[in-house]
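Results of the structural survey
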Protein chains: 2
Amino acid sequence: MDRRSFLKGLGITAATTAFSAVQPRPLSAHSEKIVWRMATSWPKWLSILQSGAERFAKQVEIMSKGRLIIEVFAGGELVKALDVFDAVSKGEVECGHSASYYWAKRIPAAQWFTTVPFGLKVKDINTWLYSGGGMELWNEIYAPYNVIPLPGGNTGIQMGGWFNREIRSEKDYQELKMRIPGLGGKVVAKLGAEVVLLPAGDIYKALETGKINATEWIGPYHDVQMGFHKIAKYYYAPGWHEPATNFEITFNRSAFDKLPSDLKKILEVAASDLNNKVLADFEYNNAVAMLKIAKERKVQLRLFPKTVLRTLERLSAEVLEEEAAKDPMAKKVHAAFKKFKKDMNTFALLRGGDQRI
Amino acid sequence: MDRRSFLKGLGITAATTAFSAVQPRPLSAHSEKIVWRMATSWPKWLSILQSGAERFAKQVEIMSKGRLIIEVFAGGELVKALDVFDAVSKGEVECGHSASYYWAKRIPAAQWFTTVPFGLKVKDINTWLYSGGGMELWNEIYAPYNVIPLPGGNTGIQMGGWFNREIRSEKDYQELKMRIPGLGGKVVAKLGAEVVLLPAGDIYKALETGKINATEWIGPYHDVQMGFHKIAKYYYAPGWHEPATNFEITFNRSAFDKLPSDLKKILEVAASDLNNKVLADFEYNNAVAMLKIAKERKVQLRLFPKTVLRTLERLSAEVLEEEAAKDPMAKKVHAAFKKFKKDMNTFALLRGGDQRI
């Protein structure tokens, strides 16, 4: 995104704020106050994520005694939702809260750091990132873009989606017109589904009018906010296509490098706290919403048949190989991810806990 | 613990450091530097836990620009391993790193905040604590002691232990002389096992000489450091008695309340980071150690038979009811914990992810 389209992208309201924020901010001798902007990919009303980004900023302000202020802008307020990475890369904003798989077209390797179909679940993705070499790879991928990533929250296992057609076998996918972006979409397309891409605001109407007969979104808590439970017959689980969606806090490296070491550490540790608390918020609110949905009995809760899941798993592996073949870095990341997943699965079986207690 | 026994408990080497640390530390007008002491329940060499506490102190030092220094003392250096809570409560140290189930005799309700047999697994315990009302209960329990708790790391699902006798049915427990403290010990005692309590340093020899024929410890990484793989025939999984052992960072409330708000927040956020990273370190290192044990094939890896696990689960429920009956707060916590676990298990089944992908 160039400077012109960036400015053009600003709404009138945001422009005023943005204009003053765009000016260089000389540090006065009396105060060390630094003002940063964070662009997110979330609508302003999106709880857990947008509110998580705002809490992150608040934590940093308190910990730094007001020396580092981060102004948080929702998607479209300052930067379009899907231009966050670009804006951080170019230093148009100093930091962002988003998801790496949004940059998959430009950086195929990035998508392994959000989630991939039948990929790692949340405990394992954090283990990979923090202790298993994942962060080193992620940093390597973003380095050419002058961007530093950190994990910034996780949805846990998502839901499979809202369906107005029952899935009893692989054949039922041939009748599906489903809103499912990314790798999940590529997988169901292999089974003959028509994959429809729609912005968030248009999904409800499309499902209501039958333009689509299925859609995935996030999990029970956010799905109910979208109203899908009012117009869908079936709610399917599990979200095999997003088994643990990891978000990213990104920093423009030049801006980050200028900070004193205490503020750098404050950002790093606050990101870790964000990662922790966003997951807990998702899990808790999703559980509450799901129990409510189950109690109301208006929507029929369904699990994908095991045979269908095994087919989806096989096709997912194909899609990942195709993605990995797109560039050498994606190949390297895919290999490391596969090896890590295999080892953690072996460990899980040997210690027998996840399945048996 | 009174002042005299506290001072008596100090070793010669530690005493010098401790003496200077015990003095009141006036804040000079030129520097706001505050020096705190942290007592842990870990041996100095215990990686992940003792090193985690030290990393926590380092993070706080960097984030506070050296305004809050925490001197970390291993178990026995300043305070005996199992006197940490007392020392924090009385303000003999300002903070501690330990586990709440060590205080179970005095505070029966405390043990639900570490782990209980067939209790919550790590994702769920964090969800309960951070978002599901757990922290409110934990704070209520520690308030009379002038102590503030925060989660400070988790082992994940532990291992069942090292056995020199095979477990094929419940009857085999009658032949067991097992080192297994706490609630797990009470459960296996119901099956006729002889429960032996031994300090860490004596376990290896007891297992080697046959004084005991089984012992639990932590997980593969730390267990191998203890050398148990050299003298045991079987390594059993899962660690049903400790499905997700949560550690605690504790603060003396009076000391904490005196801090300015930035330092309070720095401690809170650093604890959250510690919780995150300790878990990742356990998971990663345990996986690596477990794969090595499996590859070497010297020890036979075993899963407890399903029927035995179901019996242990039933007896665990009995033990928990007995513990809950000990005081009203334990009863209240047990009820909240059971309700939360039931709801999360229902959610897990409905979303079908943990079992199927």
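Residues numbered from 1 in each chain as written. Chains lettered and ligands numbered in written order. Predicted model: local features only at pLDDT ≥ 70, side-chain atom pairs only at ≥ 80, totals over all residues. Heavy atoms only, no water.

Remarks on the domain arrangement of chain A
Residues and elements named next belong to chain A. Filter applied, for reference: Per the annotation, domain bounds derive from an automatic or database assignment of domains. Working rule for contacts: check all heavy atoms of both residues, and any pair within 4.5 Å makes them a contact. When two parts are brought into contact, each loses some accessible area as probed by a 1.4 Å sphere; the total of that loss over both is the buried area. Any carboxyl oxygen of Asp or Glu within 4 Å of a side-chain nitrogen of Lys or Arg constitutes a salt bridge here. Any N or O atom pair separated by 3.5 Å or less is treated as a polar contact, with the protein-specific requirement of one donor-capable and one acceptor-capable atom, and with residues adjacent in sequence counted only for side-chain atom pairs. Strands here mean DSSP runs of E at least two residues long; helices mean DSSP runs of H or I at least four residues long; both are numbered from the N terminus.
Segmentation of chain A into domains returns domain 1 (34–153 + 245–284) and domain 2 (161–243 + 292–350). Each of domain 1 and domain 2 was reduced to a C-alpha centroid, and the two centroids are 25 Å apart. With 26 residues of domain 1 in contact, the opposing surface of domain 2 contributes 32 residues. Taking both partners together, domain 1 and domain 2 bury about 2700 Å²; carbon and sulfur atoms supply 73% of that area. Its largest share of buried area at the contact with domain 2, domain 1 owes to Trp112, Pro117 and Phe118, together 32% of the area lost on that side. Counting the contacts that link domain 1 with domain 2 gives one salt bridge. Put simply, Glu140 and Lys332 hold a salt bridge, and the shortest N to O gap is 3.0 Å. There are ten residue pairs in polar contact (both at pLDDT 80 or more) connecting domain 1 and domain 2. When contributions to the side of domain 1 that touches domain 2 are tallied by element, the ones reaching two or more residues are α5 (122–131) and α6 (134–142).

Observations concerning the interface of chain B and chain A
Using the following cut-off: Under the grouping applied here, Gly and all other residues not named as nonpolar or charged are polar, the nonpolar ones being Ala, Val, Leu, Ile, Met, Phe, Trp, Tyr, Cys and Pro and the charged ones Asp, Glu, Lys and Arg.
In this assembly, 65 residues from chain B lie in contact with 64 residues from chain A. Counting each side, the surface lost to burial between chain B and chain A is near 5500 Å², with a carbon and sulfur contribution of 66%. Taken as a group, Arg351, Arg356 and Ile357 of chain B account for 15% of the area that chain B buries against chain A, more than any other trio of residues on that side. Summed over the shared surface of chain B and chain A, the result is four salt bridges. At the boundary of chain B with chain A, the tally comes to 24 residue pairs in polar contact (both at pLDDT 80 or more). Within the residue set of the side of chain B that touches chain A, elements represented by two or more residues are α3 (49–63), α5 (122–131), α11 (261–296), β11 (300–303), α12 (306–324), α13 (328–351) and α14 (353–356) of chain B. If you tally residues by element for the side of chain B that touches chain A, the top one is α11 of chain B, at 21 residues. Split by residue class, the side of chain B that touches chain A holds 33 nonpolar, 15 polar and 17 charged.

Concerning the pairing of strand β3 (residues 95–98) of chain A
Residue and element names in this part refer to chain A. The criterion, for reference: Each residue is assigned to one of three classes by its accessible area relative to the maximum for its type, calculated with a 1.4 Å probe on protein chains only: buried under 20%, partly exposed between the two thresholds, exposed over 50%. Between any two strands, pairing holds if DSSP finds at least two bridges.
Neither face of β3 is open: one carries Cys95 and His97, the other Gly96 and Ser98, and all of them are buried. Examined bridge by bridge, strand β1 (residues 34–40) and β3 share three bridges and lie parallel to one another. Its bridge partner being in β3, Met38 is matched across the sheet by Cys95.

With respect to unusual backbone geometry
Geometrically, the link from Ala237 of chain A to Pro238 of chain A is a cis peptide bond, its omega value of -5° lying close to zero. Structurally, the position occupied by Pro238 of chain A is in the loop between β9 (234–237) and β10 (246–252). Unlike most non-glycine residues, Lys65 of chain A shows phi in positive territory, near 55°. Its place among the elements puts Lys65 of chain A in the loop between α3 (49–63) and β2 (68–73). Look at Arg297 of chain B: it is not a glycine, yet its phi comes out positive at around 55°. Mapped onto the elements of the fold, Arg297 of chain B is located in the loop between α11 and β11.

What about the pairing of β1 of chain A?
Residues and elements named next belong to chain A. For the record, the criterion: Crossover handedness is defined here as right-handed if the route from the first strand over the helix to the second strand goes clockwise, with the strands pointing away from the viewer.
The buried fraction of β1 amounts to seven of the seven residues, a majority that puts the element mostly inside the structure. Residue alternation in β1 divides its side chains into two sets, Ile34, Trp36, Met38 and Thr40 and Val35, Arg37 and Ala39, and both sets are buried. With six bridges joining them, β1 and β2 adopt parallel strand pairing. Note that in β2 the partner of Met38 across the bridge is Val72. Handedness of the β1-α3-β2 crossover: right-handed.

Observations concerning the side chain of Arg67 of chain A
Within the secondary structure layout, Arg67 of chain A lies in the loop between α3 and β2. The buried category is assigned to Arg67 of chain A, whose relative accessible area is 15%.

Things to note about the sheet that holds strand β5 (residues 161–163) of chain A
Residues and elements named next belong to chain A. Strand order in this open sheet of six strands is β7-β6-β8-β5-β9-β11, and the pairing throughout is mixed. With one partner strand each, in any of the chains shown, β7 (194–196) and β11 (300–303) form the two edges of the open sheet. Two strands pair when backbone bridges link them, and strand β6 (residues 177–179) and strand β8 (residues 214–215) are joined in this way by two bridges, in the parallel orientation. In the strand pairing of β8, Met178 is matched with Ala214.

Remarks on the relation of the copies chain B and chain A
As a reminder of what qualifies: Copy-to-copy superposition: least squares on the C-alpha atoms, limited to residues that have pLDDT of at least 70 in both copies.
Each copy superposes on the other: chain B lies on chain A with an RMSD of 0.0 Å after a rotation of 180° and an axial shift of 0.0 Å. Such a turn and shift between the copies fits a two-fold axis. Residues of chain B ranked by C-alpha distance from the rotation axis are headed by Asp273 of chain B, positioned 2.8 Å from it.

Focus: α3 of chain B
Residue and element names in this part refer to chain B. We apply this condition: The span one expects for a helix is its residue count, reduced by one, times 1.5 Å.
Look at α3: 21 Å from first C-alpha to last across 15 residues, which is about the 21 Å you get at 1.5 Å a residue. Residues of α3 that are buried: Leu49, Gln50, Gly52, Ala53, Phe56, Ala57, Gln59, Val60 and Met63. Residue Lys65 follows α3 closely and has a positive phi angle near 55°.

Comments concerning the packing of aromatic side chains
Quick note on the threshold: Paired rings are identified among Phe, Tyr and Trp, the last through its six-membered ring, by centres lying within 6.5 Å, and are further divided according to the angle between planes into stacked (under 30 degrees), edge-to-face (over 60) and tilted (the rest).
Using the criterion set out here, one finds 40 aromatic pairs over all chains in the structure. Consider the rings of Tyr101 of chain A and Tyr102 of chain A, whose centres lie 5.4 Å apart with planes at 45°: the pair is tilted. Taking the centre distance of 5.8 Å and the plane angle of 20° together, the rings of Phe118 of chain B and Trp240 of chain B count as stacked. With a gap of 122 residues between them, Phe118 of chain B in the loop between β3 (95–98) and α5 and Trp240 of chain B in the loop between β9 (234–237) and β10 (246–252) connect regions that are remote in the sequence. The buried category is assigned to Trp240 of chain B, whose relative accessible area is 2%. Put simply, the rings of Phe85, Tyr101, Tyr102, Trp103, Phe113, Trp128, Trp138, Tyr142, Tyr145 and Phe337 of chain A pair up and form one aromatic cluster.

Remarks on the sheet that holds strand β4 (residues 147–154) of chain B
Residue and element names in this part refer to chain B. The test is simple: To get an axis, a line is fitted to the C-alpha atoms, and for a helix only the part in contact is used. The angle between two axes follows their N-to-C directions and goes from 0 to 180 degrees.
Here we have five strands laid out as an open sheet, ordered β2-β1-β3-β10-β4, and mixed in their pairing. Two strands bound the open sheet, and with one partner strand each, they are β2 (68–73) and β4. Pairs of neighbouring strands in the sheet enclose a mean axial angle of 25°, with direction left out of account. Bridging between β4 and β10 involves six bridges; their strand directions are antiparallel. What sits directly across from Asn154, in β10, is Asn246. Its contacts with the sheet place helix α6 (residues 134–142) against β4 and β10, and it is angled at close to 130° to β4.

Some remarks on the pattern of salt bridges
Residues and elements named next belong to chain A. Throughout the structure, instances matching the rule amount to 49 salt bridges over all chains. Linking Glu321 and Lys338 is a salt bridge whose minimum nitrogen-to-oxygen distance equals 3.0 Å. Of this pair, Glu321 sits in helix α12 (residues 306–324) while Lys338 sits in helix α13 (residues 328–351), and the two are 17 residues apart along the sequence. You can call Glu321 partly exposed: its relative accessible area is 40%. We classify Lys338 as partly exposed; its relative accessible area is 44%.

Some words on the environment of Phe163 of chain A
All names here are of chain A. Considering the arrangement of structural elements, one finds Phe163 in strand β5. Judged by its relative accessible area of 1%, Phe163 is buried. Considering only alpha carbons, one finds Phe163 and Arg302, 139 residues apart in sequence, at a separation of 9.8 Å. When sequence neighbours within four positions are dropped, the list of residues in contact with Phe163 reads Leu176, Met178, Asn213, Ala214, Ala232, Lys233, Tyr234, Tyr236 and Phe304.

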